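Notes for the structure review
Listed below are the residues making up each chain.
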Amino acid sequence: SSGINAEYGATDQEDLYKICLLNADNGQDGTHLFPDHPDIIGDRGVGPYLELSPDLAYVLTDDAGVCGYVLGVLDTQKFYDDVYEKWLPRMCKKYSSPQPDKSSWTSTDEVANGFHNPPKVLIPACLSGPYPSHIRFNLLPRAQGKGMGESLITCVMESLKQKGSRGVHWDISPEHIRHLNFYTSLGFTTIEMSSQPANQLFLGKTFAQIQEELGEEELPETSGERLEEGEKQ
């Protein structure tokens, strides 16, 4: 049967890394980009969330296995500080620093360089104030268009709300129109930035907005439960 597992299990890591890889080439299969180290893209985009925020990881399954995930972080600035101090040193031991000549870099080299020479992330007040939490989200093609993306996001949003979050933001590439349309259909709006990063768009939604849209209704309880595919479209 299809549904959302309310709790991430350690045995799911391999499946989540594979989904990350299968979407690594601008939403397409990126296996060909990382033939020597297929796990490196998962170590960048999935691993730190599972390590540092496992209680906000939700896994979508169907009859064929794991087919999607959503990863949440309560305090984005603390998360990136922890990534910098706890996760990146491990990745620097796992992956060698690339040669200085960038013209010969592979996709693996580019990711590895990000581990060895990471920018220090400082979350601006326009995000950390109203939207301190953030989410990462990925579905395989077979799970798309069935309403399950909304169900995944509902699960993690409820958990974030229960933990005291004021709101959530996403950052996406503006050219990913399909993703942009999906997020805006859920009520997320563009966040105006004083200095807009290149090729990056920020969307946000506060829990006050969500509660206003729902009226007196509460978001569905999901902790420790499993949402079956027919229950939320």
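Residues numbered from 1 in each chain as written. Predicted model: local features only at pLDDT ≥ 70, side-chain atom pairs only at ≥ 80, totals over all residues. Heavy atoms only, no water.

**What about the overall build of the protein?**
If you tally the helices and strands in the protein, you get nine helices and eight strands. Of the contacts made within the protein by residues no fewer than 6 positions apart, 73% connect residues no fewer than 24 positions apart. Accessible surface, the protein as shown: approximately 11900 Å² in total, 49% of it carbon and sulfur. (Helix = DSSP H or I, 4+ residues; strand = E, 2+ residues; numbered from the N terminus. Contact = heavy atoms within 4.5 Å. Areas by Shrake-Rupley, 256 points an atom, 1.4 Å probe, with all protein chains shown as cover.)

**Comments concerning the environment of Trp 105**
Tracing the sequence through the fold places Trp 105 in the loop between α4 (76-94) and α5 (107-116). Residues in contact with Trp 105, not counting those within four places in the same chain, are Pro 98, Gln 99, Glu 110 and Asn 113. Side-chain polar atoms of Trp 105 contact the backbone oxygen of Gln 99, separated by 2.6 Å. (Polar contact = N/O pair within 3.5 Å; in protein donor to acceptor, adjacent residues only side chain to side chain.)

**What to know about the confidence of the model for the protein**
Taken as a whole, the protein shows an average pLDDT of 84; of its residues, 82% reach a score of 70 or greater. Note on residues 216-233: pLDDT under 50 across the span, and 47 contacts to partners over four residues away in sequence or across chains. (pLDDT = per-residue confidence, 0-100.)

**Let's talk about the packing of aromatic side chains**
All chains considered together, the criterion is met by seven aromatic pairs. Both rings, one in Trp 170 and one in Tyr 183, keep their centres 4.1 Å apart while their planes meet at 20°; by these two values the pair is stacked. Of this pair, Trp 170 sits in strand β5 (residues 167-172) while Tyr 183 sits in helix α8 (residues 177-185); the two residues are 13 residues apart in sequence, bridging distant segments of the chain. Looking at Trp 170, the relative accessible area reads 2%, which means it is buried. Within the aromatic cluster, the residues linked to one another by ring pairs are Phe 137, Trp 170, Phe 182, Tyr 183 and Phe 188. A cation over an aromatic ring shows up here: Lys 120 above the ring of Tyr 84, its NZ or CZ 4.0 Å from the ring centre. (Phe/Tyr/Trp six-rings, centres within 6.5 Å; stacked < 30°, edge-to-face > 60°. Buried < 20%, exposed > 50% of the residue type's maximum accessible area, 1.4 Å probe, protein only. Lys NZ or Arg CZ within 6 Å of the ring centre and 35° of its normal.)

**Things to note about α4**
In α4, a bend of some 40° at Trp 87 exceeds every other bend along the element, and Pro 89, a proline, comes one to four places later. Among the residues of α4, those classed as buried are Thr 76, Phe 79, Asp 82, Val 83, Trp 87, Leu 88 and Met 91. Where α4 starts, the residue carrying a side-chain oxygen 3.2 Å from the main-chain nitrogen of Gln 77 turns out to be Asp 75. (Bend = angle between axes of the 7 residues up to and from the residue.)

**Considerations on the side chain of Thr 76**
Within the secondary structure, Thr 76 is located in helix α4. Since its relative accessible area comes to 1%, Thr 76 is described here as buried. One polar contact links Thr 76 to His 134, side chain to side chain, over a distance of 2.9 Å. Once residues lying within four places of it in the same chain are set aside, the contact partners of Thr 76 are Ile 123, Pro 132, Ser 133, His 134 and His 169.

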